[in-house]
Amino acid sequence: MLRAPVIKIQIRTLMFIIFTLAALPFPLPAAQSEQVILSREELAFIKNHPRIVLGMDNRWGSTVRLDDGTLQGYETDILNLVNQHTGANFVLQEGVWRDLVEKAKNGQIDGLASSFAQSSRKQYFEFSDRYLSFVPMAIVIKENPCNIRKWEDLNGKRIAIQKGVRFQEEAIKTLTPKAIVRVERMADTIFAVISGKADAGFGFGAFGYMREAGKLGISKMQFAFSMEKMDVVFSIRRDWPLATRIMNKGLRAIPDKEYDRIFDRWYGTLGKNRFDLVRFLKIALPLALAVAIFLALYFRKMNQRLLLVQNRLKEDIAKRKQAQEKLDWKSRVNKILAQLADSLISTDQDITKIASKVLSGAKRLTLSECGYVSEIDRKTFNNIIHTQTDMFSRSNGEQTDGEQTDGEQTIDQPVVFPRGEDGQYPGVWGHALNTKAPFYSNLGSGYPVPQDMSNGVIHLTRVLSMPVKYGDQIIGQIALANAPINYGKKEVDAVQQLADLYALAIHRKHSQEESQFIEKQLYHAQKMESLGTLAGGIAHDFNNLLTIMIGYSEMVIEDIHNGTPEVQSVKEIHKAGLRAKGLVTQILAFSRKMDPVLVPVDLNQTIREAEKMLARTIPKMIAITYYLAENIPRVNADTGNITQVLMNLFANAHDAMPDGGRITVETTTVSFSSEYAARYTGVAPGEYVCLSVGDTGTGMDPETIEHIFDPFFTRKEIGKGTGLGLSTVYGIIKSHGGHIICNSEPNRGTIFKLYLPALKSENRTPDRSGQHPDSTLRGSGQTILLVDDESQVRKIGHLFLTRTGYQVIQASSGEEALAIYRECGSQIALVILDINMPGMGGQKCMNELVLMNPEVKIIISSGYASNDRLASRQSPGMCGYVPKPYTMNELLGSVRDTLNRQEKAQNDV
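A few points on the structure. (Residues numbered from 1 in each chain as written. Predicted model: local features only at pLDDT ≥ 70, side-chain atom pairs only at ≥ 80, totals over all residues. Heavy atoms only, no water.)

1. Quick word on the environment of Asp239
Position of Asp239 among the secondary structure elements: in the loop between strand S13 (230-237) and helix H8 (241-253). The spatial distance from the C-alpha of Asp239 to the C-alpha of Asp110 is 9.9 Å, given a sequence separation of 129 residues. A distance of 2.9 Å separates a polar atom in the side chain of Asp239 from a polar atom in the side chain of Arg237. (Helix = DSSP H or I, 4+ residues; strand = E, 2+ residues; numbered from the N terminus. Polar contact = N/O pair within 3.5 Å; in protein donor to acceptor, adjacent residues only side chain to side chain.)

Laid out in structure tokens, this is it:
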């Protein structure tokens, strides 16, 4: 009951005040400015600096030079008010902005007007308070048909501006427009652009044009330039902080109304009546205040609360929506990754099926229309596509054949994109492989097209290329194209996760291939070792038989008159025995039971010495080309064996080129890493000299290559080859500590690469290829102990020796030989000992003989090992070596050499 009268009295009192003010004949006084109080230091600074010069860009639209040379403009009015409130004298100096900035930095002027508070300028300037909020101008265009992106692009265009707007009138002077279309309002500018009367329009305040376009319901408008709001300040030299403080006190003393008045003066319209505040107060204020009294008190607080709730609700909805979108996206990615992980766990999934699932998942995540998934070949480094959509066609224009899987196409014959000679992959798809980084583009045109993709390539609008890496090595690629939306970081991250899983699949494939390769190499080495053991055992027994055949044939030839027909027959038998001896030598070379005489040699020189002989073995319709690298290191080799290797390889190449062709011989130096050496049994890391022999013949299939080094394996007709040529090559290279590889394909020729360890020093091994002395082979009654388990070998040896003046005692085992030597060792001048015998064997027998008599002289007779192998055993009693099968002269020569050295040593004493 008491509140109503109180409110009524208050309303009456307010109404009285309002109408009293409205009836006043004078305008309301302006709001009072702050009282500026300067400190002693500030007053002293003003006294010591009667003129503070600030640089002003002469191109600024609001600055006007009068006929008397003075400047007028927004900054001039602001500085005049600052000077009035503070007593300072801030003045403007116009000029080119770039020059003014440099002068201000160098102290030639005291600062800058109309500048932005940039972090790069803080080392030179302190910044005043904001005196103007600057919103860049807007260029209004319709879907950009004229390609207008910056201010200079307006030259030569039809431009719409508002009549009487000072800013637009000044700005248009910096352009050379084709035509100027003047309109009345901001909305008319938009209508002029939409209707085609103007190519573009511009004006100060981008937000105003956007608001007008929204009111008119026009959505096909575009606005060039940034909409970012920036504060305009005065920049004053950093060593004058008092000047900055004086400036800020002056700016704060200027009432907001004065700022608005100055802004309206210089950025408002021309020719319009200025706003009459007094008249507005007399007419509108009483009514506005009356309404405000009844409504504002109630709605103000409620409106604030409502706005606060609405803003919080909008923020909450936006956050929830964003979180839900992220959750949905992550769920989609994880689902596809889980499906792909299942494929990786499964052992029956080959790489093409996994690649197809990778492509299917990548397309679903990125909404891409097409793409492919590939693998980098580890030998050729070519990019091989395992699965694709219909992106490319074959060279004949037909689509690739393959199995369709979830819209992707697994390819029976993969599409191959070769790497260029410069080591780079061509075209847009090769960019990510070359840089080893993801690449995407949404420009939609101007993509380079590789030459091998020009036939049947689709039109690209957007592309995303992801290199697949394991460590730092590029092993594959995921390529996508033509999504309906732009590719971005979200899509790149998702495809990167797919690429990581795909990299594991490729790595697993490589590991399986590596394991199979090593297992195959081990099996091959074991097979060759077994064949070598078998061949060596056969050769040992065969040597004993050949010793008997050759020996008796020589005896018959010596005993029968030369002219008889029987002698010719025996000579043929003898000749066949010698050929069989060479065949056994090849078998032993393969089985590595005979060591070569290794000395440091220049492989190039060995090849040059054999060049003429090799040329005679090849028909003239086959060309021979040599590429011998200079300054290759020496190798420890038997030159005879190397020549035999070349002859066998040349013969093999000749058989592969019956109609002619080319043989290429090449030497290079290579280095084997530990990883490479681990793949091949018996190969050590280090430097090697590579001897390569290639031909352009018929080549071989993989099944044939599996057996080329097997003894007696041949593709020739019966009677045209023994099948020992390549097995001999294999045995010789292995006995040299080397490594051999054969690369061949049907109808594409064959290349044999022989790797011999390079010598690190030039130390030569002793030359053990001694010659027999030029003396008689007959003996003078010396007693020789002949030890061999083969009775026929002992018998032929007995005949050889007794016919030439020696006395012979025979023993069939090592045990028997020791018993004989204990009884009559002082009478025995020499022991001929078979090293491979049952029982205690020849080696142990020789050791026991040396223990009995350190001066004993022993000649080793064996078909298994050479003098080099036996000498390495460091047996002090061993004085010579005669290989089985031996001829009469070979046996007698070895005996005579040993006895001569013994007699010479006795004479010297």
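Picking up after the structure, the text goes on.
2. So, the sheet that holds strand S22 (residues 622-628)
Strands pair in a sheet through their backbones, by hydrogen bonds, and they do so in one of two ways: parallel or antiparallel. What the five strands build is an open sheet, ordered S22-S24-S25-S27-S26; its pairing is mixed. Because the sheet does not close on itself, it has two edges, and the strands there are S22 and strand S26 (739-744). Strand-to-strand twist of the sheet, defined as the mean angle between neighbouring strand axes without regard to direction, takes the value 20 degrees. Summarising the sheet, S22 and strand S24 (residues 661-672) pair through seven bridges and their orientation is parallel. Within S24, the position partnered with Ala623 by the bridge is Arg662. (Pairing = 2+ DSSP bridges. Axes fitted to C-alpha atoms, helices over the stretch in contact; angles between N-to-C directions.)

3. Considering helix H6 (residues 186-195)
Looking at H6, one finds that the buried residues are Ala187, Asp188, Thr189, Ile190, Ala192 and Val193. Gly196, located one to two residues past H6, shows a positive phi value of around 90 degrees. (Buried < 20%, exposed > 50% of the residue type's maximum accessible area, 1.4 Å probe, protein only.)

4. So, the sheet that holds strand S32 (residues 878-883)
Sheet architecture is open: five strands sit in the order S29-S28-S30-S31-S32, paired in parallel fashion. Lying at the two open borders of the sheet, with one neighbouring strand each, are strand S29 (807-811) and S32. Here the strands of the sheet are splayed against their neighbours by 20 degrees on average, with no regard to which way each runs. In the sheet, strand S31 (residues 858-862) pairs with S32 via five bridges, with the strands oriented parallel. Bridging across to S32, Ser861 finds its partner in Val882. The strands touched by helix H20 (residues 791-802) are strand S28 (783-787), S29 and strand S30 (828-834); relative to S29, the strand with the most contacts, the crossing angle is about 170 degrees. Along the sheet, helix H22 (residues 841-852) makes contact with S30, S31 and S32, crossing S30 at roughly 160 degrees. (Contact = heavy atoms within 4.5 Å.)

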